[in-house]
Amino acid sequence: MAAGADNAYAGPAISFRDVCFRYHDDDQHVLSGISFDVAAGEHVAIVGANGSGKSTLAKLINGLLVPDSGTVTVGGYVTNDPRCTYRVRAHAGLVFQNPDDQVVTSIVRDDVAFGPENLGLSPAEIVARVEDALRTVGMWEHADDDVATLSGGQRQRVTIAGILAMRPSVLVLDEPGAMLDPRGRRGIRRVSRELHAAGMTVVVITQHMEEAVLADRVMVLDHGRIVTIGSPEEVFTDPGRLRSLGLDVPFPLLVAEALRSRGVDVPLTLDEAMLEEAICRSASTT
Ligand SMILES: Nc1ncnc2c1ncn2[C@@H]1O[C@H](COP(=O)(O)OP(=O)(O)O)[C@@H](O)[C@H]1O
Ligand SMILES: [Mg+2]
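**Focus on the packing of helix α10 (residues 251–261) against helix α11 (residues 272–285)**
- Two elements in contact, α10 and α11, have axes whose closest approach is 10 Å; the angle formed by their N-to-C orientations is 20°. With respect to each other, α10 and α11 are oriented roughly parallel. Handedness of the crossing formed by α10 with α11: left-handed. On the side of α10, the interface is formed by Pro252, Val255, Ala256 and Leu259, while α11 contributes Glu272, Leu275 and Ile279.
- Each residue belonging to the contact of α10 with α11 can be placed in one class, and the counts come to six nonpolar, no polar and one charged.

So, in structure tokens, the structure goes:
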């Protein structure tokens, strides 16, 4: 059932092996042949057009859904083993797109306490975890506020605090900035960057390529299959291909593409410093 005691487990944080999934028996597979590992402490971004299967994959990671065939292992626990359900959920916290889908009570500190209360922890432990989680997301000074008075970005950070209070080792964020303005998105990005820096495994599903390029690796999904998985530099090289997959082109790549179409010899790169250098070189030779 499990690969060993939590502390002794040294395998990948998340492991998918030939996973297929469909919502109804007579439907097409929503995901097929999905295999990948995420190392402990890694930061992986998942991108893909609407309907490509990203949210389904997120729910498979934390055991809300289980595969029809193949296996999903989280922290060494197999998600379709009912004896592991609790362990899987405790290991992998999932934050949905819309914070209102997850907020359950009206006062911030009560909302964050909801998860830990369900873990059966002592009241003192719950209080400590709530404070710690709210400080981590920069919302401690709002602990006694009514959730309804918060901005979308603040509400989403409260949602993340609720997950963190369960002390998961993997955080899965499903388009956490989708309902937010750029400022709200920056707040979420700062929190996920800090959590990753503190050693947490972070999987973020995003429509925003400027967010995806910050990950260690990027996975591109198309019609329920992995098209490619690699470093941002490996994945974001071909603007035409990105567009055909329904993805935005990251800004540095757009600039490089526009310059090349005007005959300026610059590489197709995400590296802004390299781009700048090539532009200067090209300007000095013309
Ligand atoms: N609860 C559901 N029941 C049936 N089909 C679903 C359900 N949720 C999603 N789907 C279908 O599965 C496919 C993938 O959806 P989803 O995982 O939400 O994609 P994404 O998050 O990339 O937009 C879509 O075709 C969608 O219509
Ligand atoms: Mg989705």
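Next, the rest of the story.
**Observations concerning the site of ligand 1**
- The environment of ligand 1 is formed by Tyr23, Val30, Gly48, Asn50, Gly51, Ser52, Gly53, Lys54, Ser55 and Thr56.
- Here the shell around ligand 1 gets three residues from one element, more than from any other, and that element is helix α1 (residues 54–61).
- When grouped by side-chain class, the residues that make up the shell around ligand 1 number two nonpolar, seven polar and one charged.

**Remarks on the domain arrangement of the protein**
- Considered domain by domain, the protein is made up of domain 1 (6–249) and domain 2 (250–286).
- Its C-alpha centre places domain 1 at a distance of 35 Å from the equivalent point of domain 2.
- Elements represented by at least two residues in the side of domain 1 that touches domain 2 include exactly α7 (209–212) and α8 (232–235).
- In the side of domain 1 that touches domain 2, the residues fall into six nonpolar, one polar and two charged.

**Looking at the sheet that holds strand β3 (residues 43–48)**
- Read from one edge of the open sheet, six strands run β6-β7-β8-β3-β9-β10, paired in mixed fashion. The outermost strands of the open sheet, each flanked by one partner alone, are β6 (92–95) and β10 (225–230). Put simply, the sheet's adjacent strands are angled 15° from each other on average, direction ignored.
- Relative to strand β7 (residues 170–174), β6 is paired through four bridges, and the arrangement is parallel. Of the residues in β7, the one forming a bridge with alanine 92 is valine 170.
- Strand contacts of α1: β3, β6, β7, β8 (201–205) and β9 (217–222), with the helix running at about 155° to β7, the strand carrying the most contacts.

**Re the sheet that holds strand β4 (residues 69–74)**
- One open sheet holds the four strands; their spatial order is β2-β1-β4-β5, and the pairing between them is antiparallel. On the outer flanks of this sheet lie β2 (31–38) and β5 (77–78), each paired with one strand and no other.
- Pairing geometry for strand β1 (residues 14–21) and β2, over five bridges, is antiparallel. In the sheet register, phenylalanine 16 faces β2, and the bridge partner there is phenylalanine 36.
- Sitting on the sheet, α1 is in contact with β1, β2 and β4, with an inclination near 125° to β1.

**Re the packing of helix α3 (residues 108–118) against helix α4 (residues 123–136)**
- Put simply, α3 and α4 touch, their axes get as near as 9 Å, and they point 125° apart. Looking at the two axes, α3 sits oblique to α4. Handedness of the crossing formed by α3 with α4: right-handed. Contacts between α3 and α4 involve Arg109, Val112, Ala113, Pro116 and Glu117 from the former and Ile126, Arg129, Val130, Ala133 and Leu134 from the latter.
- Partitioned by chemical class, the residues of the contact of α3 with α4 number seven nonpolar, no polar and three charged.

**Re unusual backbone geometry**
- For arginine 167, which is not glycine, the phi dihedral falls at a positive 55°.
- Residue arginine 167 is classed as partly exposed on the basis of its C-beta count, with 17 C-beta atoms lying within 10 Å.

**Considering the pairing of β4**
- As paired elements, β1 and β4 share five bridges and run antiparallel to each other. In the sheet register, cysteine 20 faces β4, and the bridge partner there is serine 69.
- By the bridge criterion, two bridges tie β4 to β5 in an arrangement that is antiparallel. Residue threonine 73 lies in a different strand from β5, and its bridge partner there is valine 78.
- Here β4 hands over to β5 after two residues, with glycine 75 in that stretch at a positive phi of 55°.

**Describing α1**
- Restricting attention to buried positions, one finds in α1 the residues Lys54, Leu57, Ala58, Leu60 and Ile61. Buried residues of α1 fall within an arc of 160° about the axis and therefore sit on the same side.
- Positive phi shows up at glycine 63, right after α1, with a value of about 80°.

**Observations concerning the pairing of β3**
- A large share of β3 lies buried, amounting to six of its six residues.
- Here β3 shows a buried face lined by His43, Ala45 and Val47 and a second buried face lined by Val44, Ile46 and Gly48.
- Where β3 lies against β8, four bridges are found, and the strand directions are parallel. Opposite alanine 45, over in β8, you have valine 204 as the bridge partner.
- Across five bridges, β3 lies against β9 in parallel orientation. If you follow alanine 45 over to β9, its bridge partner there is valine 218.

Calculation criteria
- Residues numbered from 1 in each chain as written.
- Chains lettered and ligands numbered in written order.
- Predicted model: local features only at pLDDT ≥ 70, side-chain atom pairs only at ≥ 80, totals over all residues.
- Axes fitted to C-alpha atoms, helices over the stretch in contact; angles between N-to-C directions.
- Helix = DSSP H or I, 4+ residues; strand = E, 2+ residues; numbered from the N terminus.
- Parallel < 35°, antiparallel > 145°, perpendicular 65-115°, else oblique.
- Left-handed = near helix turned anticlockwise from the far one by under 90°.
- Contact = placed C-beta atoms within 7 Å.
- Nonpolar A, V, L, I, M, F, W, Y, C, P; charged D, E, K, R; others polar.
- Near = placed C-beta within 6 Å.
- Domains from an automatic or database assignment.
- Pairing = 2+ DSSP bridges.
- Buried ≥ 20, exposed ≤ 12 C-beta atoms within 10 Å, placed from the backbone.
- Arc of directions from axis to C-beta.

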